[in-house]
Amino acid sequence: MRSPRVVIDRLQPSVDDGRFPAKATVGQPLVFEADVYADGHEAIAAELILRQPGGEAQRLPMRSLGNDRFRVQMLPTKTGRHLFTVEGWIDAWGSYRRVLLRLQAANKVSEQDLVDGVERIRAASRDADPDARLATLLLRLEDLSPPEKLMLLLDEGVAELMSARLPRGFASRHASEFCVIVERTRAGFASWYELFPRSQGAPGQHATFDDVIARLPSIAAMGFDVLYMPPIHPIGTTKRKGRNNSLVATPTDPGSPYAIGSSEGGHDAVHPALGGIEALRRLRDAAAGYGMELALDIAIQCSPDHPWLREHPEWFTWRSDGSVRCAENPPKKYEDIVNVEFYNEGALPSLWLAWRDVIEHWIAEGIHTFRVDNPHTKPLPFWEWLIADIHTRHPDVLFLSEAFTRPAMMYRLAKIGYSQSYTYFTWRNSKRELGEYMTELTQQAPRDFYRPHFFVNTPDINPRFLQDAGRPGFLIRAALASTLSGLWGMYSGFELCEGAALPNGEEYLDSEKYELRHRNWGAPGNIVGEITRLNRLRREHPSLQSHLHFQLQHSDNDQVLVYARQLPGADELVLVAVSLDPHAAQETQFDLPFDALGVAAGGALESEELMSGRRFVWHDRRQHWRFVPQEMPFAIWHLRRAAGAHA
């Protein structure tokens, strides 16, 4: 078998050598790379062959990065599956031009060297499909002196013309097509706000979706564009949980919304106390008026009162005494919840199709974003099938994986289709931990398929860092989450700096999962203004709209994290410095990224501190900053080359 002379290898983006699609979003730069090389010293050329949804193949020239690596960048404009491969060949004109450049550098260009170039152009002009530009070029060359002729033969425009006209010597194409799934912008850039609808009314009263509508102006004003609600379905009464996860509930306890299903319906029903489906539709439409969309929780579990237990007993595991086995996660026991069994006899395919129909039901109601509870406890083949099936009809639907588990499983869920993923950010507090985690997410394999969603807290997780950090701690975590990832979220109460916890754990005291909570949204000491400013900065600065544009910067204090956010090739960037100490003042010497902005020694950078609006001109690469946590434990600068600075 004849092997190709031109080798094409290491195509990127690629997930498990093409087994799974890579991910991208509309409006974010998408970079393709490959190794393309051959024996000998000839110049190599390469191009990307890209098939976009519903369109013909598009060919994009790739530029050499050196060391056999080629790259091209494009900006996706449509969603769907994009298939790509790479073609490479020996570039005859490029090889001639390379030699000519070397001869020029050595001052050894001969008349024959110039004649060779002219003859190459003349040969190309005899092609069966003549190009008038070549004839014009030959006429120009006849009247030029040798130095002028040399400059024209080395011209970039001539190189492009000749490379397009000459045969592609030993052309080779990679044997496989790789896939990139491009999703809508909010797959990679969104700010989520989580709330319990039932707590949004007057003290002691079960609220409706109309009460949530009343809160939309303040939530939208903070800059959030996704409103996420835990399950909104009827709640069972059997083994209902009481306050603080008590096994005994009083008649007035509302129960956990994750104990889904009662005589009033299951996963396709709305809890009547919330106002029913008509109230949800009013909320959906009102949210859209503020530029927000709703995200619903899909929790694949049932209360013992769920209609499915009567209608489809084959979907559950039954004990010898005729009772259904409740959910367990020793030492925890969830007596108000039972799990379905995906591989029970009689569950394939009916149970799988039932869950698909639940998603379709809510899509028909205008919901296109779903947060999935504990997907790592359900079969991977089920998720791979379900998400692919939904996307054949609804490519704009997004799925967020709530899987706080082992890294391999978290990454696999992303590979098989989840648009977004919860992360370990909640437990990464030190400079070393944050730096290593961001390096993993941005410079290693996950960068091509894993979109990290940085939630600062959840109803299930009251981070230990926040329990005694006070207002400065909440500012620290908000600044980190909102400037490290394009996706960030908070559970309501965070803006009020709520951190009261049950002893020796990460559970909230008086958890809203088990009771109604009334809050004073204008309480003193809140950080609403700072959150509003952070979300505004995210919208104004594209480098903050993805986690990928991250570069760790030197800082001489282990309590201060400094990092740059810069789009590829941009002449500006955002520099963030965060004190990780909520209790004491910290100061640091840190380096400005002069090189990233093309500023040489002796140059200067124009700087605006974006939280305060203060402006500087920085001349020295090494700078000093002091953080007082009770004032502001972080700083965010917009940097660009100062007028007249040396490049």
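Residues numbered from 1 in each chain as written. Predicted model: local features only at pLDDT ≥ 70, side-chain atom pairs only at ≥ 80, totals over all residues. Heavy atoms only, no water.

Formally: UniProt positions are given in the numbering used here, feature names are shortened, and annotations may be inferred rather than shown by experiment.
The name given to the protein chain in an unreviewed UniProt entry is Alpha-1,4-glucan:maltose-1-phosphate maltosyltransferase, with the source organism recorded as Panacagrimonas perspica. Under Sequence similarities (unreviewed entry), UniProt gives the following word-for-word description of the protein chain: "Belongs to the glycosyl hydrolase 13 family. GlgE subfamily." As recorded by UniProt, the Subunit (unreviewed entry) comment attached to the protein chain reads in full: "Homodimer."

Details of empty space enclosed by the protein
Empty space among the atoms becomes visible once a probe the size of a water molecule is rolled across them. Condition: Method remark: on a 1 Å grid restricted to protein atoms, a set of points is classed as a cavity if a 1.4 Å probe fits but cannot get out and as a pocket if it is open with protein on both sides within 12 Å along at least five of seven lines; lining residues have an atom within 4 Å of a point. Grid points are joined across faces, edges and corners, and a volume is the space filled by probe spheres set on the points. When residues are grouped by polarity, Ala, Val, Leu, Ile, Met, Phe, Trp, Tyr, Cys and Pro land in nonpolar, Asp, Glu, Lys and Arg in charged, and all others, Gly among them, in polar.
Applying the stated criterion across every chain yields a total of four cavities of 30 Å³ or more. The space that makes up the largest cavity amounts to roughly 90 Å³. Around the largest cavity sit Phe-196, Pro-197, Arg-198, His-206, Pro-230, Pro-231, Ile-232, His-233, Ile-235, Pro-257, His-271 and Leu-274, which together line it. In the lining of the largest cavity, the residues fall into eight nonpolar, three polar and one charged. Taken as a whole, the second largest cavity encloses approximately 40 Å³ of empty space.

Considering helix α11 (residues 407-415)
Selection criterion: Burial classes follow relative accessibility: with a 1.4 Å probe on protein chains only, a residue under 20% of its type's maximum area counts as buried, one over 50% as exposed, and anything between as partly exposed. Each helix is a run of DSSP H or I of at least 4 residues and each strand a run of E of at least 2, with the numbering of both proceeding from the N terminus.
Listed in full, the buried residues belonging to α11 are Met-409, Met-410, Tyr-411, Leu-413, Ala-414 and Lys-415. Among the residues trailing α11, Gly-417 stands out with phi positive, at a value near 145°.

Topic: the packing of helix α1 (residues 92-105) against helix α4 (residues 146-153)
Quick reminder of the rule: In this description, a line fitted to the C-alpha atoms serves as the axis of each element, helices being fitted only across the stretch in contact, and the angle between N-to-C directions of two axes falls anywhere from 0 to 180 degrees. Roughly parallel refers to an angle under 35 degrees, roughly antiparallel to one over 145, roughly perpendicular to one between 65 and 115, and oblique to any angle outside these ranges. In this scheme the handedness of a crossing depends on how the near helix is turned from the far one: anticlockwise by less than a right angle means left-handed, clockwise means right-handed. The contact criterion used is simple: two residues touch if any of their non-hydrogen atoms lie within 4.5 Å.
Packing of α1 against α4 brings their axes to within 10 Å, and their N-to-C directions diverge by 135°. Considering their axes alone, α1 and α4 lie oblique with respect to each other. Considering the relative orientation of α1 and α4, their crossing is left-handed. Between α1, through Trp-93, Tyr-96, Arg-97, Leu-100 and Gln-104, and α4, the contact on the second element is made entirely by Leu-150, Met-151 and Leu-153. Tallied by class, the residues present in the contact of α1 with α4 amount to six nonpolar, one polar and one charged.

Some points on the nonpolar core
Spelled out, the test is: Take the buried residues of types Ala, Val, Leu, Ile, Met, Phe, Trp, Tyr and Cys, join any two whose side-chain atoms come within 4.5 Å, and each joined set is a nonpolar core.
Leu-227, Phe-370 and Leu-480 are the most contacted members of the largest nonpolar core, which totals 125 residues. With sequence-adjacent residues up to four places away left out, Leu-227 is seen in contact with Tyr-193, Leu-195, Val-212, Leu-216, Ile-219, Leu-283, Met-292, Glu-293, Leu-294 and Ala-295. Counting 20 residues, the second-largest nonpolar core is a separate cluster that includes Tyr-96, Leu-100, Leu-141 and Leu-166.

Some thoughts on the domain arrangement of the protein chain
In plain terms, the rule: Where each domain starts and ends comes from a domain assignment, either automatic or drawn from a database. Buried surface area refers to the total accessible area, computed with a probe of radius 1.4 Å, that the two partners give up upon joining, counted for both partners together.
Looking at the assigned domains, one finds that the protein chain contains domain 1 (6-182), domain 2 (192-300 + 352-544) and domain 3 (550-641). Inter-centroid distance (C-alpha atoms) of domain 1 to domain 2 is 48 Å. Counting residues at the interface gives 14 residues for domain 1 and eleven residues for domain 2. Here domain 1 and domain 2 share an interface that buries about 950 Å² over both sides, 45% of which is from carbon and sulfur atoms. On the domain 1 side of the contact with domain 2, Val-15, Phe-20 and Lys-23 bury the most area, a combined 56% of that side's loss.

Some remarks on the sheet that holds strand β21 (residues 560-565)
Test applied: Any two strands are treated as partners once DSSP identifies two or more bridges connecting them.
Pairing in this open sheet of six strands is antiparallel, and the strands run β20-β21-β22-β27-β24-β25 from one edge to the other. Of all strands in the sheet, those bounded by a partner on one side alone are β20 (550-552) and β25 (615-618). When the angles between neighbouring strand axes are averaged without regard to direction, this sheet yields 25°. Here strand β22 (residues 572-579) runs beside strand β27 (residues 634-641); their pairing, made up of seven bridges, is antiparallel. Bridge pairing in β27 links Val-574 to His-638.

Brief notes about the side chain of Asp-297
Rules: By the criterion applied in these results, polar contacts are pairs of N or O atoms within 3.5 Å in which, for protein atoms, one can donate a hydrogen and the other can accept it, and in which residues neighboring in sequence qualify only through two side-chain atoms.
Tracing the sequence through the fold places Asp-297 in strand β12 (residues 293-299). Separated by 2.7 Å, the side chains of Asp-297 and Arg-371 make a polar contact. Ignoring sequence-local partners within four residues, the contact set of Asp-297 consists of Tyr-228, Met-229, Pro-230, Pro-231, His-233, Tyr-258, Arg-371 and Asp-373.

What to know about the side chain of Arg-184
Summarising the element assignment, Arg-184 is placed in the loop between β9 (178-183) and β10 (190-194). Residue Arg-184 is classed as buried on the basis of its relative accessible area, which comes to 19%. Among the polar contacts listed, one links the side chain of Arg-184 to the side chain of Glu-293, at a separation of 2.9 Å. Among the polar contacts made by the side chain of Arg-184, one reaches the main-chain carbonyl oxygen of His-368 at a distance of 3.5 Å. Ignoring any residue separated from it by four or fewer positions in sequence, one finds Arg-184 in contact with Thr-25, Val-26, Thr-79, Glu-293, His-368, Thr-369, Asp-396 and Leu-398.

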